[in-house]
Amino acid sequence: MKKYKAIFFDWDGTAVISRKASADKVAEPMKRLLAEGVKLAVISGTTMENIAGGRLHEYFGIEERKNLFLGLGRGAHNYSFDKEGVPFLMEQKIPTEEDILKIHDICYEIHKHLLHTYRIPTDIVFSRPNYCKIDLMVGNHRGDALFLQEGEREGLLFFLEQHGIKGGIKGVINLAERIGKEHGMPILTTTDAKYLEVGISSKSDNVDALCGFFQKEYGITEKECAFWGDEYIGFGEGIYGSDSFMITEKTKDGDFYDVSDTEGERPVQVKRVGGGVESFIRFLEEQSMR
């Protein structure tokens, strides 16, 4: 495997097994790579507080932090670190109050339609700054492991079929997009089986912004970048998991790797390596030895 100048990676399920798990093991090879000048970018749908308890940067010295970046909140926030090593908001993509309330209305309409038409109960998380999470599998509890679990994809597809939804998860996404249009808002919908995430941005916004920054500031091209995740798996009809949104027009010539052992279709650009978190850490260790 070639030596990369920039590595983008999901956090939950790729770098650590759960949000409460220690980051000690992944931080060791990260530290060596950062010291070499390799750019490392965590790309996650969560907030900074959920990345090693908001203290990931404390594993590294101030000089090493200059090469660490965080693309968080499903396109909402991109962070670097200032000369004192303090997190610095490079840019953000946050809807206006009017638009976030419109997203809330759209999600409530989706909830009502699923319940009334298909007898599918859902829960909605309204507290995200740029999207809502609609829980499609309210009886399925992930505990601390908040990423896609083995068998969830098949369980969701069976559940939707049993309730009469045509087209599986694509049918639900079509419903969400139609309701969005009725409210005058083009929405972007992603899924990890359990949750339908409805908003105006995705991981595509994070990687495009950071790739553009790396190219402008350091001359790093997409061919010198690797993108690692555990949620590339397909749900049918060209619908893929949240990490597939790291594949964009700007990044498509990079190298994409999936640590998930789940069987199923993936985007053609993605190489399935399996092995979970240990596989990703091994990759970082090998990179730091080159």
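Definitions and cut-offs
Residues numbered from 1 in each chain as written. Predicted model: local features only at pLDDT ≥ 70, side-chain atom pairs only at ≥ 80, totals over all residues. Heavy atoms only, no water. Phe/Tyr/Trp six-rings, centres within 6.5 Å; stacked < 30°, edge-to-face > 60°. Helix = DSSP H or I, 4+ residues; strand = E, 2+ residues; numbered from the N terminus. Polar contact = N/O pair within 3.5 Å; in protein donor to acceptor, adjacent residues only side chain to side chain. Pairing = 2+ DSSP bridges. Axes fitted to C-alpha atoms, helices over the stretch in contact; angles between N-to-C directions.

Draft legend 1. Broad picture of the packing of aromatic side chains. Applying the stated criterion across every chain, the model contains 16 aromatic pairs. For the pair F8 and F214, a centre-to-centre distance of 5.6 Å together with 50° between the ring planes defines the contact as tilted. One end of the pair, F8, is in strand β1 (residues 6-9); the other, F214, is in helix α6 (residues 203-218), with 206 residues separating them in the sequence. Ring geometry for F8 versus F227: centroids 4.6 Å apart, planes at 15°, classification stacked.

Draft legend 2. Structural detail: the side chain of K194. Looking at the element boundaries, K194 is found in the loop between β8 (188-191) and β9 (195-199). Only 2.9 Å separates the side chain of K194 from the side chain of D135, close enough to count as a polar contact. Within the structure, the side chain of K194 is placed 2.8 Å from the backbone oxygen of M137, a separation counted as a polar contact.

Draft legend 3. The arrangement of the sheet that holds strand β7 (residues 131-135) in detail. Spatially, β6-β7-β9-β8 is the arrangement adopted by the four strands of the open sheet, whose pairing is antiparallel. For this open sheet the edge positions go to β6 (123-125) and β8, each flanked by a neighbour on one side alone. On average, adjacent strands in this sheet sit at an angle of 20° to one another, irrespective of strand direction. Two elements, β8 and β9, share four bridges in a ladder whose sense is antiparallel. Looking across to β9, one finds that T190 is bridged to E197.

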